[in-house]
Amino acid sequence: MTSGNWQVASSYRRFVANEGAPLYDGSALEDLNTLPLQEWERRGGRVAYTRLGEQENINLQVVEIPPRGELKPEHHLYESVMYVLQGRGATTIWQEGEPKQTVEWEENALLAIPLNAWHQEFNSSSDEPCRVVFGTNMAHVINLYHNLDFVFANPFSFQDRYSHSRQRFFVDAGSQLNLRLFETNFIPDIKNFLLDPYPERGKRTSVMRLCMASASLSLHIAEISPGTYMTAHKHGPGAHVLCVGGEGYELLFMPGEQSRRRVALNPTAVVSPRRNEYHQHFNTGSEPLRMLAFKEQGYSSKYGTGKSYQPALSAQDKDPNAEIFQISYEKEDPEISAEYYRELESKGITLRLPPLNQGGH
Ligand SMILES: [Fe+2]
């Protein structure tokens, strides 16, 4: 180590290296379905991890299970929600000393793993691999405690979050807690999950925040109608936005930067902007562009953390140096809308602009 370098590898990075797994960084990955993975000795199957958005609070764990294969069971003190990228299978979940419950799933399902409960995944297909992604706060928890026995071998049973006595835990559809906030533990197909309109962000945007398995990890599903794009905006790092339906593209740029990075948005692309990095979603298809977001605790949870999104939102458009800021359509580089119009024209998609004042994740 040179005298000027105070940086040490994080516990999360050392954990990933010990797993023998690739660690992907940057602001986006174009296709989780084809992301190269490595053999995974600890649980079986193949695995990769992410460190997107230059942060280590929220990370993704991408896992593939071979045909008729299974992963070894595990439990852990980080929160985890599984989204099925391709294939079909089942997860068995139980608390130590209690009977098991099994949830069957297929592509586009979303399943919460209750905190520190045992879970084991199976591939039900005899000839196709299945691939899932876990959105987790693993990186944060491993860095915080830097003791893998504590994280992966802790006997505490969170009965307040899940127990076998709650027989319908993964069966009930759930219930609406509030406007744009739904509590559920399993969604068989998030592409058909009903969202609430979000007129504050534009009449053609809809959103549902999710509270799953009493986690403080935040999630939401958002949708942008055809012929529409969101304003460029920036906020703190950690949000991971996964395209689950439709087609479009994402523009990413730092403040003052003339050149913009463009990422194709097709199902299983993921975008996780860095701190201060502007990002902007564009729908170029004839179907709604639907996205699933994993975020750090705070804004969407049933359990308050003292954070409030609203004051930050109302400050938008006032101070470009604020952590949360959006560029209105009127003030954006005209080439941004020109590029979008050309794209729609070439695909024969009807323009639904002039745009409304949209923004957000
Ligand atoms: Fe965002």
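Residues numbered from 1 in each chain as written. Predicted model: local features only at pLDDT ≥ 70, side-chain atom pairs only at ≥ 80, totals over all residues. Heavy atoms only, no water.

Undergrad: When you look at the overall build of the chain in this model, what are you seeing that I'm missing?
TA: Assigned secondary structure in the chain consists of five helices and 25 strands. By the burial criterion, 57% of the 361 residues in the chain qualify as buried. Looking at the chain alone, contacts between residues at least 24 apart form 73% of all its contacts between residues at least 6 apart. Summed over all atoms, the accessible surface of the chain reaches about 15800 Å², with 50% contributed by carbon and sulfur. (Helix = DSSP H or I, 4+ residues; strand = E, 2+ residues; numbered from the N terminus. Buried < 20%, exposed > 50% of the residue type's maximum accessible area, 1.4 Å probe, protein only. Contact = heavy atoms within 4.5 Å. Areas by Shrake-Rupley, 256 points an atom, 1.4 Å probe, with all protein chains shown as cover.)

Undergrad: Can you walk me through the environment of Ile113 in this structure?
TA: Its location among the elements puts Ile113 in strand S9 (residues 110–113). Once residues within four sequence positions are removed from consideration, Ile113 is found in contact with Ser80, Thr91, Ile93, His119, Glu121 and Phe134.

Undergrad: Sorry if this is basic, but what is going on with the coordination of the iron ion here?
TA: Working reference: metal with six octahedral donors, ideal angles 90 or 180 degrees; metal with four tetrahedral donors, ideal angle 109.5 degrees. Taken together, the protein donors to the iron ion comprise His233 (NE2), His235 (NE2) and His279 (NE2), at separations of 2.2 to 2.3 Å. We note that the donor set of the iron ion lies within a single chain, spaced as H-x1-H-x43-H. Taken as a pair, His235 in the loop between strand S18 (232–234) and strand S19 (240–245) and His279 in strand S23 (residues 278–283) lie far apart in primary sequence, 44 residues in all. As far as burial versus exposure is concerned, His235 and His279 are alike and both buried. (Donors = N, O, S within 2.8 Å, 3.2 Å for Na, K, Ca; no water.)

Undergrad: What should I look at first to understand a nonpolar patch on the surface in this one?
TA: Among the surface-exposed residues, Leu144, Tyr145 and Phe150 lie close enough to one another that they form a single nonpolar patch of about 290 Å² accessible area. Counting through the fold element by element, Phe150 comes out in helix H3 (residues 148–152). For Phe150, a relative accessible area of 35% puts it in the partly exposed group. (Patch = residues over 30% accessible without salt bridge, like charges linked within 9 Å, V, L, I, M, F, W, Y side chains within 5 Å. Salt bridge = Lys/Arg side-chain N within 4 Å of Asp/Glu carboxyl O.)

Undergrad: Is there a simple way to think about the nonpolar core in this case?
TA: Across soluble globular proteins, you tend to see nonpolar side chains buried next to one another. One finds Leu32, Leu110, Leu210 and Leu292 to be the most contacted residues of the largest nonpolar core, which totals 67 residues. With five residues, strand S6 (residues 80–86) is the single largest residue contributor to this core. Per-domain counts for this core show at least three residues from each of domain 1 (11–152) and domain 2 (175–347). Among all residues touching Leu210, those that are not within four sequence positions of it are Leu110, Leu181, Phe182, Ile187, Phe193, Leu219, His220 and Ile221. Within the second largest apolar cluster, twelve residues are counted, among which are Cys243, Ala269, Leu289 and Met291. (Core = buried A, V, L, I, M, F, W, Y, C linked by side-chain atoms within 4.5 Å. Domains from an automatic or database assignment.)

Undergrad: How should the sheet that holds strand S7 (residues 88–94) be read in this particular structure?
TA: Two strands in a sheet stick together by hydrogen bonds in their backbones, pointing the same way (parallel) or opposite ways (antiparallel). Within the open sheet, the three strands sit side by side as S8-S7-S10. Their pairing is antiparallel. Looking along the sheet, the strands with just one partner apiece sit at the ends: strand S8 (101–106) and strand S10 (118–123). On average, adjacent strands in this sheet sit at an angle of 20 degrees to one another, irrespective of strand direction. (Pairing = 2+ DSSP bridges. Axes fitted to C-alpha atoms, helices over the stretch in contact; angles between N-to-C directions.)

Undergrad: What's the story with the pattern of salt bridges in this structure? I'm lost.
TA: Here the idea is simple: oppositely charged side chains can pair when their charged atoms come close. Using the criterion set out here, one finds 21 salt bridges in the structure. Across the pair Arg13 and Glu56 runs a salt bridge, and its minimum N-O distance is 3.4 Å. Of this pair, Arg13 sits in helix H1 (residues 11–18) while Glu56 sits in the loop between strand S4 (46–52) and strand S5 (59–65), and the two are 43 residues apart along the sequence.

Undergrad: What exactly am I supposed to notice about the packing of H1 against helix H2 (residues 138–145) here?
TA: The relative placement of two packed helices comes down to the angle between their axes together with the axis-to-axis distance. Contact geometry of H1 with H2 gives a least axis separation of 8 Å together with a crossing angle of 110 degrees. Our classification of the angle between H1 and H2 gives roughly perpendicular. Taking contact as the criterion, the partners of Ser11, Tyr12 and Phe15 in H1 are, on H2, Met138, Ala139, Ile142 and Asn143. Classifying every residue of the contact of H1 with H2 by side-chain character gives five nonpolar, two polar and no charged. (Parallel < 35°, antiparallel > 145°, perpendicular 65-115°, else oblique. Nonpolar A, V, L, I, M, F, W, Y, C, P; charged D, E, K, R; others polar.)

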